[in-house]
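Close look at the chain arrangement
What follows is the residue order along each chain.
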Amino acid sequence: MNASSGTSCSPWRDSHDANETGSIANTTQAEPLFAAERGPVTVTSLQPASLRLRLANRLRDALPSTGTAIVGALLWGLAMAASAFLNLYYWETPDSARFVVLLYALGGALAFPVGLTFAALVSRGRHWETALAAAFVCLLGATLAFTGGLFALQYRSYYAEWHAPAFTRTWASEFVFTILAALYQFVVLGIRLYFPFGFAVLAAASIWFARRRR
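Keep in mind it's a predicted model, so treat the numbers as computed, not measured. (Residues numbered from 1 in each chain as written. Predicted model: local features only at pLDDT ≥ 70, side-chain atom pairs only at ≥ 80, totals over all residues. Heavy atoms only, no water.)

**Comments concerning helix H4 (residues 94-122)**
In a regular helix each residue adds 1.5 Å, so 29 residues correspond to 42 Å; H4 covers 41 Å between its end C-alpha atoms and thus fits that length. Along H4, the sharpest change in direction is near 35 degrees and occurs at alanine 111; proline proline 113 comes one to four residues later. (Helix = DSSP H or I, 4+ residues; strand = E, 2+ residues; numbered from the N terminus. Expected span 1.5 Å × (residues − 1). Bend = angle between axes of the 7 residues up to and from the residue.)

Right, dumping it as structure tokens:
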């Protein structure tokens, strides 16, 4: 290499160094220096967390207050018990009527906070007519589900002593058919105990909910 001129004596070395310098320069020019030049960056990992946060906020807003849940559950349970009692007073023995009334009271008390929460979720940001229909359907569905479920569990416990040993194939089929038979009986015989007083209270509760959501 000639020290005074700074160039190599080999033409091949000079050509190789020139190519290397050009490739480095091209690479430097092609790579953006700032994030703004690279285009928008999409952070997909935050989307599930944001969705969960929105759902949690919606559920929190839909939940009734502690006072509303407790007082409403007591009043709703008493109303459902009164409806059953009015229908059974002249038809059943006192012991049988007492058990059914207690079952309807417990089912109603458990159903009220759940039904109210679902009604608030469905009717959020909508007109009062939607809130009225949502309260009617959700309170009715929750009350029937909880009361029917309690009735099915009691029905199953009554016939459990005649069933096969637990967790066998025969026991599983007996369990399923017993629950289905109990639900069928509840639909045929139990829903009529809500007429007329229970449905009148349901209409009043739906109107109260719709006026409250306005």
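**Digging into the environment of asparagine 57**
Along the chain, asparagine 57 turns up in helix H2 (residues 46-62). On the basis of relative accessibility, which here comes to 27%, the residue asparagine 57 falls in the partly exposed class. One polar contact links asparagine 57 to arginine 60, side chain to side chain, over a distance of 3.1 Å. (Buried < 20%, exposed > 50% of the residue type's maximum accessible area, 1.4 Å probe, protein only. Polar contact = N/O pair within 3.5 Å; in protein donor to acceptor, adjacent residues only side chain to side chain.)

**Describing the packing of aromatic side chains**
Applying the stated criterion to the full structure yields 13 aromatic pairs. Measuring from ring centre to ring centre gives 6.0 Å for tyrosine 159 and tryptophan 162, while their planes differ by 55 degrees; the resulting arrangement is tilted. Using a relative accessible area of 32% as the deciding quantity, one classes tyrosine 159 as partly exposed. In this structure an aromatic cluster arises from ring pairing among Tyr104, Phe151, Tyr155, Tyr158, Tyr159, Trp162, Phe186 and Tyr194. (Phe/Tyr/Trp six-rings, centres within 6.5 Å; stacked < 30°, edge-to-face > 60°.)

**Section: a nonpolar patch on the surface**
On the surface, Phe85, Leu86, Tyr89, Tyr90, Trp91 and Phe197 cluster together into a nonpolar patch covering about 800 Å² of accessible area. Within the secondary structure, phenylalanine 197 sits in helix H7 (residues 197-213). (Patch = residues over 30% accessible without salt bridge, like charges linked within 9 Å, V, L, I, M, F, W, Y side chains within 5 Å. Areas by Shrake-Rupley, 256 points an atom, 1.4 Å probe, with all protein chains shown as cover. Salt bridge = Lys/Arg side-chain N within 4 Å of Asp/Glu carboxyl O.)

**Focus on the environment of leucine 103**
Checked against the element boundaries, leucine 103 lands in helix H4. As for leucine 103 and phenylalanine 146, which are separated by 43 residues in sequence, their C-alpha atoms are 9.7 Å apart. Those residues within four positions of leucine 103 in sequence are excluded, and the remaining contacts are Thr147, Leu150 and Phe151. (Contact = heavy atoms within 4.5 Å.)

**Quick notes on the pattern of salt bridges**
Using the criterion set out here, one finds 2 salt bridges in the structure. In this structure, the salt-bridge partner of aspartate 95 is arginine 98, at a minimum N-O distance of 2.9 Å. Taken together, the positions of aspartate 95 and arginine 98, both in helix H4 and 3 residues apart, correspond to about one turn of that helix. With a relative accessible area of 56%, aspartate 95 lands in the exposed category. Exposure remark for arginine 98: the relative accessible area of 54% places this residue in the exposed category.

**A few points about helix H5 (residues 128-159)**
Compared with an ideal rise of 1.5 Å per residue, which puts 32 residues at 46 Å, H5 spans 46 Å between its outermost C-alpha atoms and is within 8% of the ideal. Among the structural elements, helix H3 (66-88), H4, helix H6 (169-190) and H7 are those in contact with the buried residues of H5.

**Regarding the side chain of threonine 117**
Here threonine 117 lies in helix H4. The class of threonine 117 is buried, set by a relative accessible area of 9%. Those residues in contact with threonine 117 that sit more than four places away from it in its chain are Leu59, Ala62, Leu63 and Pro64.

**A short note on the packing of H5 against H6**
Packing of H5 against H6 leaves a shortest axis separation of 9 Å and a crossing angle of 130 degrees. Classified by the interaxial angle, the pair formed by H5 and H6 is oblique. Between H5 and H6 lies a crossing whose hand is right-handed. Residues Leu144, Thr147, Gly148, Phe151, Ala152, Tyr155 and Arg156 of H5 form the contact with H6, whose own contacting residues are Trp171, Phe175, Thr178, Ile179, Ala181, Ala182, Leu183, Gln185 and Phe186. Its residues placed into classes, the contact of H5 with H6 shows 11 nonpolar, 4 polar and 1 charged. (Axes fitted to C-alpha atoms, helices over the stretch in contact; angles between N-to-C directions. Parallel < 35°, antiparallel > 145°, perpendicular 65-115°, else oblique. Left-handed = near helix turned anticlockwise from the far one by under 90°. Nonpolar A, V, L, I, M, F, W, Y, C, P; charged D, E, K, R; others polar.)

**Remarks on the environment of arginine 126**
Looking at the element boundaries, arginine 126 is found in the loop between H4 and H5. By relative accessible area, which is 55% here, arginine 126 ends up exposed. Sequence separation between arginine 126 and arginine 213 is 87 residues; the distance between their C-alpha atoms is 9.0 Å.

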